[in-house]
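Chain by chain, the residues:
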Amino acid sequence: MLLRPLLETSAAGATQLPQRFSWLKKVSATNANKLYSTRVPWGTHRVEGQRALQERQEHKRNDHGPSEHSRKGKIKLLTPYDLSQRIETLCMKGDLRGAISSVKEAPLDAQNAVVWATLIRSVITNGKYQEAYRLFIDMKRRGIRPTSRTYSTLLKGYAQIDDWERFPLQLDNVCSVYDQLRQHHGMVQPDGGPDDELSNIPYNLLITIFGKAQRFQRMFDVFNAMPPKGPLAPDMHTFTVLITAIGNRQLSAFATPPEGKDAEADPLPSANELAYKNASDAKLIWRQLLRVCRTPDSHAIRAILKPLSRGRPSDQNFALDIAHEYLGLSPPGKQSIPAKLPLHEQTLEAVLATSNAARRYRYTLHYIQQVIDSRPVLLLNRKHMDYALHAHAALACMDPGESEQALEMLQWMLRMQALPRAPGLDRDTGGIGPQIKPATSTYDIVALACWNGGDWPNACRVFELMTGYSRDQFRGEMKAPPTSSSRQGLRPSAIFMSSFIRAATKTYDPENVRQALNILGHYGLDNILEEVTDPGHPSQRKLRRQDSNRAFYASKLVEALHIALPQMLKSADYDQVLKTRWKDMLRRAEEIIPSRPVREVGQLRSS
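Please read all numbers here as calculations on a predicted model, not as lab measurements.

### Some words on the nonpolar core
In summary, soluble globular proteins display a tendency toward joint burial of nonpolar side chains.
In step 1: Counting 154 residues, the largest nonpolar core has Y158, W412, F500 and L561 as the members making the most contacts within it.
In step 2: Considering each element in turn, this core owes the most residues, 9 residues, to helix α27 (residues 550–570).
In step 3: Ignoring anything within four residues of it in the chain, the contact list for W412 reads I372, V377, L380, M385, I432 and I436.

Encoded structure:
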């Protein structure tokens, strides 16, 4: 009722308008009458609004996307995140060229340092080092400023290279990246910059790269240029990679003299002089580490033990003192102290390698027993036990009883790998598992201990444990083919047979030598020696680094045949057919691996 007078006033006012606005008079009067006459009950507008809202929601559920017209009206811009995802997808499909083109052809708004770092990482991971460096330069030409993460990504790819003699040009590129990195941090440091921009990770990678490339003057230049304090200062990882590089320094590092020095000024050091220099330099870096970081970690200890183990006796003693102080591994006769750091598998392996390199074989056995007695036995693995067996083999030259202890340790390993693990860290009832299972190299070491100790019975026992055959099956004329009692028996290697035949020869009993020759004939001389003469043999490809002495022991096997067979051929107790077979075996061994003549050691007693 309050609205009607107002509308009537509007309609009346419209009648007083000029003639040219007569159409407005008709419209105003009509609308006023229509609005007043159209009265709806209270709440009707609210119900209709809810119905309209439900209809709109139903339309959204049934709609599968915008219409073609609306798609043309709304264009989604390419973001750096989408471009990075596209790069990773293309690189996973192997389309590196497509990934590079997608970045270069993308709008500048979609390009940033993260996108280019993703592209550089994908390219350099596939071994395209020169292409990655070109992309780094192209990135800067486009006005995109690299960050510390960009430098870390590029240098991390270069750190994968082990043989730098094949990539001399890339080493120049690394030096150029280092110079640009210093300029970058020089521009960032005055105004502070983000926290991740001031990082020493690129410098640690540079130390690793120059160490692998045997460019130690460059490596020390990088280390000395780092500030003593701040985020760019050396930390624990810096000292660790520096000591690791020093421990791997070779004579080739001195073949190229530093810049500004004459090539003939300093003669090349000998192997021993190089080992002593590495130990001295590593000890100097170790003292700096203790001043900066106070307490080292397990990685630093493992790194320092390698160069010290190859140094002078004083350096080796210093390495064993580090193991005692920080790892709690006390040598024989010293009181045990609490460990400052937990003992890991890799750290224990480094300690055992150090004690064996120092020829402290009793220390090695004491460390192993100390781990078994006072620490969880699950820490031990096959490599640790091989070091202990090497110690027994070395001590067997002076004490024949060490071969018996080596055999007992081998049997303990077989029991521990067969028993299931106990719950928790129970070391009294449970086993260790397959990590301590003896391998072919393990049996080789025990056979070496039996040879050094002149222990033929235990050598035969090791053969039975290794192959599953009984030694009695190879006695005499072997009327029936031997049968194995184990499906998982291992085939003897050239190292094993060399020690096995020498152990038989050391007894001066022709029947023992004949038994060893029957075993060699059963497996075949060609089958055993092809592991060291055929470069494509699976064992060679798998164990070329670990068993670098395989060829040496193959020649030792031929040498053992030169010792044993002449005495057997002189004996009148064997028929001509058997002697002809032995002559063919010796001739075949000479064809495969020529051996120098050896003098006869002793005489086999007559049977």
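### Let's talk about the environment of N356
In step 1: Within the element layout of this structure, N356 appears in helix α17 (residues 345–357).
In step 2: C-alpha of N356 to C-alpha of A391: the two residues are 35 residues apart in sequence and 6.8 Å apart in space.
In step 3: Residues in contact with N356, not counting those within four places in the same chain, are Y361, T364, Y387, H390 and A391.

### Some thoughts on the pattern of salt bridges
It is possible for side chains bearing opposite charge to pair when their charged atoms get close.
In step 1: Applying the stated rule across the entire model yields 19 salt bridges.
In step 2: Close ionic contact of E131 with R134 constitutes a salt bridge, the shortest N to O distance being 3.1 Å. One end of the pair is E131 and the other is R134, both in helix α8 (residues 129–141) and 3 residues apart, which spans about a single turn.
In step 3: Ionic contacts of the salt-bridge type, sharing partners, join the residues R97, E131 and R134 into one network.

### Remarks on the packing of helix α15 (residues 298–309) against α17
In step 1: As a packed pair, α15 and α17 sit with axes 9 Å apart at the nearest point and diverge in direction by 15°. One way to sum up the angle between α15 and α17 is to call them roughly parallel. For the pair α15 and α17, the sense of crossing is left-handed. Along its contact with α15, which presents S298, I301, R302, L305 and S309, the element α17 presents Q346, T347, A350, V351, T354 and A357.

### Observations regarding the environment of S484
In step 1: In this fold, S484 is placed in the loop between α22 (456–467) and α23 (494–506).
In step 2: Sequence separation between S484 and T467 is 17 residues; the distance between their C-alpha atoms is 7.1 Å.
In step 3: In this structure S484 touches T467, G468 and Y469, once residues within four positions along its chain are discounted.

The rules behind these values
- Residues numbered from 1 in each chain as written.
- Predicted model: local features only at pLDDT ≥ 70, side-chain atom pairs only at ≥ 80, totals over all residues.
- Heavy atoms only, no water.
- Core = buried A, V, L, I, M, F, W, Y, C linked by side-chain atoms within 4.5 Å.
- Buried < 20%, exposed > 50% of the residue type's maximum accessible area, 1.4 Å probe, protein only.
- Helix = DSSP H or I, 4+ residues; strand = E, 2+ residues; numbered from the N terminus.
- Contact = heavy atoms within 4.5 Å.
- Salt bridge = Lys/Arg side-chain N within 4 Å of Asp/Glu carboxyl O.
- Axes fitted to C-alpha atoms, helices over the stretch in contact; angles between N-to-C directions.
- Parallel < 35°, antiparallel > 145°, perpendicular 65-115°, else oblique.
- Left-handed = near helix turned anticlockwise from the far one by under 90°.

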